[in-house]
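Chain by chain, the residues:
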Amino acid sequence: MYSTLNSLQRKRYLFVCINRRAADNPKGCCAAKDSEAVYRALKEEIAARGFARLEARVCTSSCLDQCATGVTILVEPDHFFYGRVAVADVPEIVDGLVAGRPVKRLAIAADQHVA
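Residues numbered from 1 in each chain as written. Predicted model: local features only at pLDDT ≥ 70, side-chain atom pairs only at ≥ 80, totals over all residues. Heavy atoms only, no water.

Draft legend 1. Geometry of unusual backbone geometry. The omega torsion across glycine 70 and valine 71 is 0°, close enough to zero to call that bond cis. In this structure, valine 71 sits in the loop between strand 2 (56–61) and strand 3 (73–76). Here the residue pair glutamate 76 and proline 77 is connected by a cis peptide bond, since its omega of 10° sits within 30 degrees of zero. With respect to the helices, strands and loops of the structure, proline 77 is situated in the loop between strand 3 and strand 4 (80–82). Unusually for a residue other than glycine, aspartate 34 sits at a positive phi of about 80°. Given the relative accessible area of 45%, aspartate 34 is considered partly exposed. Here arginine 84, not a glycine, exhibits a phi torsion of approximately 55°, which is positive. Along the chain, the position of arginine 84 falls in the loop between strand 4 and helix 3 (90–99). (Helix = DSSP H or I, 4+ residues; strand = E, 2+ residues; numbered from the N terminus. Buried < 20%, exposed > 50% of the residue type's maximum accessible area, 1.4 Å probe, protein only.)

Structure (structure tokens):
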């Protein structure tokens, strides 16, 4: 039974924070930094390259607790974050998925994580 479940999973899941907070919130939010456009562009690019069925799934997320580095994307099962992502970065992120390596300039280092 579990082998059937595994066959339905994609290799990677990309969670794009689209959390929205009040404009006066000191943490800010990814939505105010255009995360919904990043989400749409990433979803379209994954689909256009034929990756949506088996390779990668792009999902929205509420807060990922990385507000200072938003727009934030969590890549699973690789367990790392991309930060300060713009729509213009999307093709490079998908190229990284194709090549099997993260885009280092966008990856949030462990010492940059906000708890």
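Draft legend 2. Quick look at the packing of aromatic side chains. Under the defined criterion, the tally for this structure stands at one aromatic pair. Residues phenylalanine 80 and tyrosine 82 carry aromatic rings whose centres are separated by 5.0 Å and whose planes lie at 85° to one another, so their mutual orientation is edge-to-face. Judged by relative accessible area, which is 16%, phenylalanine 80 ranks as buried. Judged by relative accessible area, tyrosine 82 falls into the buried class, the value being 3%. (Phe/Tyr/Trp six-rings, centres within 6.5 Å; stacked < 30°, edge-to-face > 60°.)

Draft legend 3. Quick look at helix 3. All of the buried residues in helix 3 are Val90, Ile93, Val94, Gly96 and Leu97. Viewed end-on, helix 3 has its buried residues packed into an arc of 150°, placing them on one side of the element. Residues of helix 3 that are buried in the fold lie against strand 1 (12–17), helix 2 (35–48), strand 2, strand 3 and strand 4. Looking one or two residues beyond helix 3, the residue adopting positive phi is glycine 100, at roughly 75°. (Arc of directions from axis to C-beta. Contact = heavy atoms within 4.5 Å.)

Draft legend 4. Region of the structure containing the nonpolar core. Formed by 22 residues in total, the largest nonpolar core has its most connected members in Leu14, Leu42, Ile46, Ile73, Tyr82 and Ile93. Elements supplying a minimum of two residues to this core: strand 1, helix 2, strand 2, strand 3, strand 4 and helix 3. No other element matches the five residues that helix 2 contributes to this core. Setting aside chain neighbours within four positions, we find leucine 14 in contact with Leu42, Ala56, Arg57, Val58, Cys59, Ile73, Leu74, Val75, Ile93 and Leu97. In terms of nonpolar packing, the next biggest core, distinct from the first, is built from six residues, Cys17, Cys30, Leu64 and Ile108 among them. (Core = buried A, V, L, I, M, F, W, Y, C linked by side-chain atoms within 4.5 Å.)

Draft legend 5. Inspection of helix 2 at higher detail. A rise of 1.5 Å per residue sets the reference length of helix 2, with its 14 residues, at 20 Å; its end C-alpha atoms lie 20 Å apart and thus fit the reference within 8%. Among the residues of helix 2, those classed as buried are Ser35, Ala37, Val38, Tyr39, Ala41, Leu42 and Ile46. Tucked into the core, helix 2 has its buried residues touching strand 1, strand 2, strand 3 and helix 3. Positive phi appears at glycine 50, one or two residues downstream of helix 2, with a value of about 75°. (Expected span 1.5 Å × (residues − 1).)

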